[in-house]
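As a plain string of letters, each chain reads:
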Amino acid sequence: MASSGFLILSRAIKNSLKNPTPLLTGLGMSLFFLVVYDAGLGGIARLPEFQGAGYLAFLLPMGVVSLIFGSSAGSAQALSRDIASGYFQRLALAPVPRSAFVLAAIAVDALGIFVSALAVIAVGALLGAPVSGGAAGVLLAALLASLFGSGVSAASAAAVMRTGKAELAGTIGSVVFMLLFLAPTFVPRELMGAKWIQAVAACNPLTYLMAAMRHLVSGIDSPAALTPAFAIALAAGLGGTLAAALSVRKVLS
Amino acid sequence: MTQAMIVVRGALRSYPNGTKALRGVDLEVPRGSRFALLGPNGAGKSTLIKILATIGRPDSGSVEIDGIPLAGSALAARSRMGAALQDVQLDPEARPAEQLELQGRLFGLPKAEAEARAAELVRRFDLAAVEGKKAKELSGGNKRRLHVALALVHRPSLVILDEPTAGMDPEIRAAFWAETRRLNEEEGVTVFFSTQYLEEAERHAEELAVLDGGRVAFRGKVAEFAAAHSGEDLESSYLNFLEASRG
């Protein structure tokens, strides 16, 4: 069984390397947003609400979270290709739990997001973002992104398997992208102009994820966000993965 | 050890659109036999084959493969069988040997054995000339050959083939049946296949079952079927049978 798991994971990694578009799209967009928003809005970091750490320290989690927009579509696209070619049914004839093929694709997305998050943080550091959290903080921030991203990836895979519509592969990621604009992504919550958006931000899971990342990487924002952020990421990861695993039979029927 | 390789009892299967594909199928397929499943379009052949291959499930009834009940032990049953369903199922981006090796390893063959077996099947199914091509670059006939070869990699004791020779040219079809017969006669593999080519069933099956309207309308030796339906050959007997069953 362990050997089969390794084979399935190897195939998923090879497929991801053969089709790197989702991963590269996510990474490219993240770096673009990071550079452009820092160049365009960086001056506001002189306000005391930014805790004197510079705008890049505040903005860096946006770069990490926006990775998920592009990168989480990889597993759904890979599964969609296997379903369309009929190869998924062929794999399903092997004496291996069928959910393994789905879990492997999600794991590869999660790994891709983890590595890309490290790359985004490294670029942020090169551009001047403080990394006072050290290696442990950076790794935990990447883990947080990866866990949450695996949930988004799994939900995308579940949507594709349940509907048979390949075009849904990027839809859940798009929702994450929209949520970025309803969270304290560019300015702290107290600087968000309208009360309604402050209220929405308080309920937005990305608010806690980004606050936790800021604390882990740059030592700004409140450590109180760590517990809810990891709870949200874990719930998204487990919930999405369960939904994807339960959707396998739908493909075969 | 039970004598039957496949035992189906009271299998019912309906689809959400209300179609009753199987209306209580009972069937036994002897171990080591070559067994043909016949029936008109919509008789339930593909539904039954998908259930045997564990791709589908019956709404009720039971199925055993090699004495293993599919309900609750599908993984163990899958390891005993190789299946090639009606639609060709290949990884379009992978080459023939790659696909055969992966399939062999997923069925538990060690790496060296999977490689050797893949090379053997590439030769047996005359795929050597296209070995460097990805599946998406193969001709329809070569795709079909690879599709069938994938069912055989792990030396299963039961091979389930749903219209395996559809789209094959006569030469390849002859080679396919020669290999199937060899597997059956030399390795004792039970071969269960559906076909629309009645001359194939007549020539290559020892026994057959005819599905009609989701039920087994006949099961027995090929010669018995011909005798029971007063035809000169299987095809005329089958046409007589269909005419009689339609009233």
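For the structure, see preceding data.
All of these numbers come straight from a predicted model, not from anything done at the bench. (Residues numbered from 1 in each chain as written. Chains lettered and ligands numbered in written order. Predicted model: local features only at pLDDT ≥ 70, side-chain atom pairs only at ≥ 80, totals over all residues.)

1. Thoughts on the nonpolar core
Logical step 1: If you look at the biggest cluster of nonpolar residues, it comprises 151 residues, and the most contacted ones within it are A141, A145, A157 and L209 of chain A.
Logical step 2: The greatest single-element share of this core, amounting to 15 residues, is contributed by helix α6 (residues 99–127) of chain A. (Core = buried A, V, L, I, M, F, W, Y, C linked by C-beta atoms within 7 Å. Buried ≥ 20, exposed ≤ 12 C-beta atoms within 10 Å, placed from the backbone. Helix = DSSP H or I, 4+ residues; strand = E, 2+ residues; numbered from the N terminus.)

2. Looking at the interface of chain A and chain B
Logical step 1: Taken residue by residue, the interface counts 16 residues in chain A and 20 residues in chain B.
Logical step 2: Breaking the side of chain A that touches chain B down by element, the ones donating at least two residues are α1 (2–18) and α5 (87–91) of chain A.
Logical step 3: With four residues, the single largest contributor to the side of chain A that touches chain B is α1 of chain A.
Logical step 4: Of the residues in the side of chain A that touches chain B, the class split is eight nonpolar, five polar and three charged. (Contact = placed C-beta atoms within 7 Å. Nonpolar A, V, L, I, M, F, W, Y, C, P; charged D, E, K, R; others polar.)

3. A word on the sheet that holds strand β1 (residues 4–14) of chain B
Strands pair in a sheet through their backbones, by hydrogen bonds, and they do so in one of two ways: parallel or antiparallel.
Residue and element names in this part refer to chain B.
Logical step 1: Strands sit in the order β2-β1-β4-β5 across an open sheet of four strands; the sheet is antiparallel. The open sheet has two edge strands with one neighbour each: β2 (20–30) and β5 (68–69).
Logical step 2: Pairing geometry for β1 and β2, over eight bridges, is antiparallel. The residue bridging A11 from the neighbouring strand is V25, located in β2. (Pairing = 2+ DSSP bridges.)

4. Things to note about the pairing of strand β7 (residues 158–162) of chain B
Residue and element names in this part refer to chain B.
Logical step 1: Most of β7 is tucked away: five of the five residues are buried.
Logical step 2: The alternating pattern of β7 places L158, I160 and D162 and V159 and L161 on opposite faces, both of which are buried.
Logical step 3: Bridge analysis of β7 against strand β8 (residues 190–194) gives five bridges, and the strand direction is parallel. Across the sheet, the residue bridging to V159 is V191, located in β8.
Logical step 4: Running through helix α6 (residues 170–187), the crossover from β7 to the neighbouring parallel element β8 is right-handed. (Right-handed = clockwise from strand over helix to strand, strands pointing away.)

5. Thoughts on the packing of helix α4 (residues 74–85) of chain A against helix α7 (residues 134–163) of chain A
All names here are of chain A.
Logical step 1: Closest axis-to-axis distance for the α4/α7 pair is 7 Å, and the angle between their directions is 30 degrees. In terms of orientation, α4 and α7 fall into the roughly parallel class. In this structure, α4 meets α7 at a crossing whose hand is right-handed. Every residue of α7 that contacts α4 at S75, A76, L79 and S80 is listed here: S153, S156, A157, V160 and M161.
Logical step 2: The residue inventory of the contact of α4 with α7, partitioned by class, reads five nonpolar, four polar and no charged. (Axes fitted to C-alpha atoms, helices over the stretch in contact; angles between N-to-C directions. Parallel < 35°, antiparallel > 145°, perpendicular 65-115°, else oblique. Left-handed = near helix turned anticlockwise from the far one by under 90°.)

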